[in-house]
Amino acid sequence: MLDLYQHLSPGDLAPNLPDAEAIFDQFLAYPGSVIVLCEMGSVLVGSCVLVVIPNLTRGGRPYALIENVVTHGDFRRQGIGRRVLDFATARAWQAGCYKALLMTGSTRPEIHAFYRSAGFEPSKTGFQKRQLAARDDS
């Protein structure tokens, strides 16, 4: 999975393997969360994260957050990303979610067109606040 994420954010710092395994275990223990994987042969070619979030509005129906949508660069334009998103949204509907949210940091028109073709609408304005990385002055 860590290799596949390099196709999402090339050069992104990955956790070391023991930390990644602990994070993966923690994630799988979180109720309502799933990592959707798509393999071709023994190659991991697509993935996304789905988290179902409890909610006190909308009659108590939860909502879903989809993140880290990625398709291996050598396997793009083959419908893999669409299948991953279709599977994730089907799981969200099975969990009773009233909506599935997906945000992208990409400004590329073809990425936006892909999400629209998968049934997602640009209907909200997203905001984020990031913690600045700690400096290592040693």
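All of these numbers come straight from a predicted model, not from anything done at the bench.

Student: So what's going on with the sheet that holds strand E1 (residues 33–40)? Which residues, and what values?
Tutor: Pairing is mixed across the open sheet formed by four strands, whose spatial order is E1-E2-E3-E4. Bordering the open sheet on either side are E1 and strand E4 (100–102), each of which pairs with just one other strand. Strand-to-strand twist across the sheet, computed as the mean angle between neighbouring axes with direction ignored, equals 25°. The sheet contacts of helix H3 (residues 80–94) involve E1, strand E2 (43–53), strand E3 (63–71) and E4, and relative to E2 the element is tilted by about 25°.

Student: Go over the side chain of Asn55 with me, naming the residues and quoting the values.
Tutor: Summarising the element assignment, Asn55 is placed in the loop between E2 and E3. A distance of 3.0 Å separates polar atoms of two side chains, one belonging to Asn55 and the other to Thr57. Other than its neighbours up to four places away in sequence, Asn55 contacts Gly60, Arg61, Pro62, Tyr63 and Tyr98.

Student: Tell me about the confidence of the model for the chain, and please be specific about residues and values.
Tutor: Model confidence for the chain is summarised by a mean pLDDT of 90, while 96% of its residues fall at 70 or above. Averaged pLDDT values for the elements of the chain fall to 89 in helix H1 (residues 2–5) and rise to 96 in H3.

Student: Could you give me a rundown of unusual backbone geometry, with the residues and numbers involved?
Tutor: The backbone of Arg58 shows a phi angle near 55°, a positive value even though the residue is not glycine. Residues other than glycine seldom take positive phi values, yet Asn68 does so here, at roughly 50°. Take Asn68: its relative accessible area is 33%, and that puts it in the partly exposed class.

Student: Could you give me a rundown of the packing of aromatic side chains, with the residues and numbers involved?
Tutor: Overall, the coordinates contain one aromatic pair when judged by the stated rule. Between Phe114 and Tyr115, the aromatic rings sit 5.2 Å apart at their centres with planes inclined by 50°, giving tilted as the arrangement. Under the relative-accessibility criterion, Tyr115 is labelled buried at 12%. Of note, Lys99 hangs over the ring of Tyr63, and the distance from its end group to the ring centre comes to 5.7 Å.

Student: Quick one: what's the story with the pattern of salt bridges, residue by residue and with numbers?
Tutor: A pair can form between side chains of opposite charge whenever their charged atoms are brought close. What the rule picks out here adds up to two salt bridges. Of the charged contacts in the structure, one is a salt bridge between Arg82 and Asp86, with a shortest N-O distance of 3.4 Å. Within this pair, Arg82 and its partner Asp86 are both found in helix H3, separated by four residues, close to a single helical turn. The class for Arg82 is partly exposed, based on a relative accessible area of 35%. Two residues, Arg108 and Glu110, come together in a salt bridge whose shortest N-O distance is 2.7 Å. Its relative accessible area of 45% is what places Arg108 among the partly exposed residues.

Student: Pulling in residues and values, what's your account of the nonpolar core?
Tutor: Ranked by internal contacts, the top residues of the largest apolar core, which has 21 residues, are Cys48, Leu50, Ile66, Val69, Leu85, Leu102 and Phe120. Of all the secondary structure elements, the ones that give two or more residues to this core are E1, E2, E3, H3 and E4. Looking at this core element by element, the count peaks at five residues for H3. Look past the residues within four positions of Leu85 in its chain and what remains in contact with it is Ile66, Val69, Leu102, Phe114, Tyr115, Ala118 and Phe120. Counting eight residues, the second-largest nonpolar core is a separate cluster that includes Phe27, Ile35, Leu44 and Val51.

Cut-offs and rules
- Residues numbered from 1 in each chain as written.
- Predicted model: local features only at pLDDT ≥ 70, side-chain atom pairs only at ≥ 80, totals over all residues.
- Heavy atoms only, no water.
- Pairing = 2+ DSSP bridges.
- Helix = DSSP H or I, 4+ residues; strand = E, 2+ residues; numbered from the N terminus.
- Axes fitted to C-alpha atoms, helices over the stretch in contact; angles between N-to-C directions.
- Contact = heavy atoms within 4.5 Å.
- Polar contact = N/O pair within 3.5 Å; in protein donor to acceptor, adjacent residues only side chain to side chain.
- pLDDT = per-residue confidence, 0-100.
- Buried < 20%, exposed > 50% of the residue type's maximum accessible area, 1.4 Å probe, protein only.
- Phe/Tyr/Trp six-rings, centres within 6.5 Å; stacked < 30°, edge-to-face > 60°.
- Lys NZ or Arg CZ within 6 Å of the ring centre and 35° of its normal.
- Salt bridge = Lys/Arg side-chain N within 4 Å of Asp/Glu carboxyl O.
- Core = buried A, V, L, I, M, F, W, Y, C linked by side-chain atoms within 4.5 Å.

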